[in-house]
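For reference, the chains in residue letters:
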Amino acid sequence: MLDKVKQQMQSKSEVLESCNLSQEQLDSHWMPYTANREFKENPRIIVSAEGNYFTDSAGRKIFDSLSGLWTTGAGHSRPEITEAVSKQISNLDYSPGFQFSHPKSFELAHRITEFMPEGMNRVLFCTSGSEAVESSLKVARAYWRKHGQSSKTRFIGRMKGYHGVNWGGISVGGIAVNKNMFGQSLEASHMPHTMIPENKFSKGMPTEGAHLISELEDMIALYDASNIAAVIVEPMAGSGGVIPPPVGYLKRLREVCTNHNILLIFDEVITAFGRVGSNTGSEEFGVTPDLMCIAKQVTNGTIPMGAMVAKQEIYETFMEAGGAEHNVELLHGSTYSAHPVACAAGLAALNILDDDQLVARSAAMAPFLEEKVHELKGTQYVSDIRNYGLAAGITLEADPQGGPALRPYQVAMKCWEKGFYVRFGGDVISLGLPFTVEKVEIDNVVNAIGESIRELA
Ligand SMILES: Cc1ncc(COP(=O)(O)O)c(C=O)c1O
């Protein structure tokens, strides 16, 4: 079966020819988070997408097992979004977001609050998850200044946390390779992660790990709460390897932050809008933060958009301390904040989530993914498996010569040959299935991963 599929794979020159690209054009693009030298020898080029599938330059149908980059839970090329975007761009292509706006910015802001936990009802738009994180860190510091507590500047993140690519995000982020290349900027400390040996092969929320919040209390004792602005975590870590929160962990985290007057930021760039089977991770795990970062699924990945969502009290603090009415209360924003085309895409995407009941569908498919992915336990090199909602992480033992990142890369390349786009990063293979996934597709992709792991030398 594999050999037959392999015959359909193209050589590099065939890829370039069918995409009408020159070597110079291939070289011109410095690709992000990509092994450029390897890719440019073996280009993997996607030319179209529909539903749960990509089409590559050879015309092969490729199953999308990460919903793009955790973006496209409603499936690709939804006509409702295409139509809304086309209509918007022909009617109002751009409108300035500073001191003026357009109707859809307010409509979408309100629509987003309908997916949020109670009281989180003020939405500040931006254009990516990274920018949503920076917005939340800046607002956290500025909030304390408005309260006359300007010494509260330090942030506490978590090991294996991912918060995007900007200076604040990499400072609070806890994936070593992403930080080391650039050095530290913000003052940030890191709580331990919860991927502890006791939790190996947990299904859903692991039972061990809530006790690790005591390390946050130690940090607060060390730095003093008067110097700490906020704690930022993903309720379920995504890029760090799909790490669901242990039972009781987030509740304790909330209590400690509240008791010490420290803001709690949930980075829900992956978990908001259905990934964990609820509207947000906050709702799913029963803990409400003070600020939340969202992006990705809000437009189903079609147009770049992110946002920071704040509790009303935080917004009111800025309004009350704003001075004269013509003063700008928060000196923050960017040219494309609440871009009308992104807002149109967002409204259409959130309507699809509701109309097709995709959040409930994500929850309904989760037990099947759990059952299926844990069947890989016992496969050679598989050292851990974790899952929650329509997300799963499979950790592979490091290759003695090639290091931890080699085997996931090899597995993903074998999967690509077999017709599956599978995300690999560090020592983990991640699944973030579309909410529109069918059981047979879950079966197929997990089988392809298992087969690929067994094919490793
Ligand atoms: C939890 C989390 N925060 C922030 C980001 C950064 O988002 P973006 O790549 O849109 O800047 C990501 C991206 O994967 C993410 O997973």
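Sequence order as written defines the numbering, with residues in each chain counted from 1. pLDDT decides what is reported in this predicted model: residues at 70 or higher carry local features, side-chain atom pairs at 80 or more are listed and counted, and totals for whole chains, interfaces and linings draw on all residues regardless.

A. Spatial organisation of the overall build of the chain. The helix and strand inventory of the chain stands at 18 helices and 15 strands. Every radius of gyration here is taken over C-alpha atoms, with the globule rule written as 2.2 Å times N^0.38, N being the number of residues. Here the chain has a C-alpha radius of gyration of 22 Å; the compact-globule value for 457 residues is 23 Å, and the two agree. Overall, the chain is about 70 × 55 × 45 Å in size when its C-alpha atoms are taken along their principal axes. Looking at the 457 residues of the chain, the share that counts as buried comes to 47%. Two residues qualify as a contact pair if the distance between their C-beta atoms, derived from the backbone, is within 7 Å. Of the contacts formed within the chain by residues at least 6 apart in sequence, a portion of 72% connects residues at least 24 apart. Per the convention used, a helix needs a DSSP run of H or I reaching at least four residues, while a strand needs a run of E reaching at least two, with both numbered from the N terminus. For the exposure call, what matters is how many other C-beta atoms sit within 10 Å of a residue's own: 20 or more marks it buried, 12 or fewer exposed, and in between partly exposed, using C-beta atoms placed from the backbone.

B. Local environment of the domain arrangement of the chain. By the assigned domains, the chain splits into domain 1 (2-74 + 358-455) and domain 2 (79-355). Throughout the structure description, domain borders are defined by an automatic or database domain assignment. A separation of 27 Å is found between the C-alpha centroids of domain 1 and domain 2. Contacts between domain 1 and domain 2 engage 31 residues on the former and 26 residues on the latter. Elements represented by at least two residues in the side of domain 1 that touches domain 2 include exactly helix 5 (67-70), helix 16 (358-373), strand 11 (382-388), strand 12 (391-396) and strand 15 (428-432). The dominant element in the side of domain 1 that touches domain 2, judged by the number of residues it contributes, is helix 16, at 6 residues. Three categories are distinguished: nonpolar for Ala, Val, Leu, Ile, Met, Phe, Trp, Tyr, Cys and Pro, charged for Asp, Glu, Lys and Arg, and polar for the others, with Gly belonging to the last. Broken down by class, the residue content of the side of domain 1 that touches domain 2 amounts to 13 nonpolar, 14 polar and 4 charged.

C. Region of the structure containing unusual backbone geometry. Not every positive phi belongs to a glycine, and Ser77 is a case in point at roughly 55 degrees. By the element assignment, Ser77 lies in the loop between helix 5 and helix 6 (79-91). One non-glycine residue, Asn261, lies in the positive phi region at around 60 degrees. Tracing the chain through its elements places Asn261 in the loop between helix 12 (249-259) and strand 8 (263-267).

D. Inspection of the sheet that holds strand 6 (residues 188-191) at higher detail. Across the sheet, which stays open at both edges, the 7 strands sit in the order 4-10-9-8-7-5-6 with mixed pairing between neighbours. Edge positions in the sheet fall to strand 4 (120-126) and strand 6, since each has one partner strand and no second. Put simply, the sheet's adjacent strands are angled 20 degrees from each other on average, direction ignored. A pair of strands is labelled paired if DSSP reports no fewer than 2 bridges between them. Two strands pair when backbone bridges link them, and strand 4 and strand 10 (residues 306-311) are joined in this way by 6 bridges, in the antiparallel orientation. Angles run from 0 to 180 degrees between N-to-C directions of axes, and those axes are lines fitted to C-alpha atoms, restricted for helices to the stretch in contact.

E. Layout of the environment of Glu118. By secondary structure assignment, the location of Glu118 is in the loop between helix 7 (103-113) and strand 4. Residue class for Glu118 comes out exposed when judged on the 9 C-beta atoms lying within 10 Å of it. Each C-alpha atom, one on Glu118 and one on Gly97, is 27 Å from the other, the two residues being 21 residues apart in sequence.

F. Expanded view of the site of the ligand. The rule is simple: place the C-beta atom from the backbone, and if it lies within 6 Å of a molecule or strand, the residue is near it. Neighbouring the ligand are 14 residues, the closest being Ser128, Gly129, Ser130, Gly164 and Val269. With 3 residues, helix 8 (residues 129-146) is the largest single contributor of residues to the shell around the ligand. Residue composition of the shell around the ligand, by class: 5 nonpolar, 7 polar and 2 charged.

G. Summary view of helix 15 (residues 340-355). Expected span of a helix: the number of residues minus one, times 1.5 Å. Between the first and last C-alpha of helix 15 there are 22 Å, a value that for 16 residues agrees with the 22 Å anticipated at 1.5 Å per step. Counting buried residues in helix 15 gives 12 out of 16 residues, a clear majority hidden from the surface. Buried residues of helix 15: Pro340, Val341, Ala342, Cys343, Ala344, Ala345, Gly346, Leu347, Ala348, Ala349, Leu350 and Leu353, and no others. Buried residues belonging to helix 15 abut helix 6, helix 7 and helix 16. Phi for Gln357, located one or two positions after helix 15, is positive at around 50 degrees.

H. Highlighting helix 18 (residues 439-455). Between the first and last C-alpha of helix 18 there are 24 Å, a value that for 17 residues agrees with the 24 Å anticipated at 1.5 Å per step. Along helix 18, the positions that sit buried rather than exposed are Ile442, Val445, Val446, Ala448, Ile449, Ser452 and Ile453. Considered in projection along helix 18, the buried side chains sweep an arc of 150 degrees and stay on one side of the axis. Exposed side chains of helix 18 directed beyond 90 degrees from the buried face belong to Lys439, Val440, Arg454 and Glu455. Here the arc refers to the directions that run from the helix axis out to each C-beta atom.

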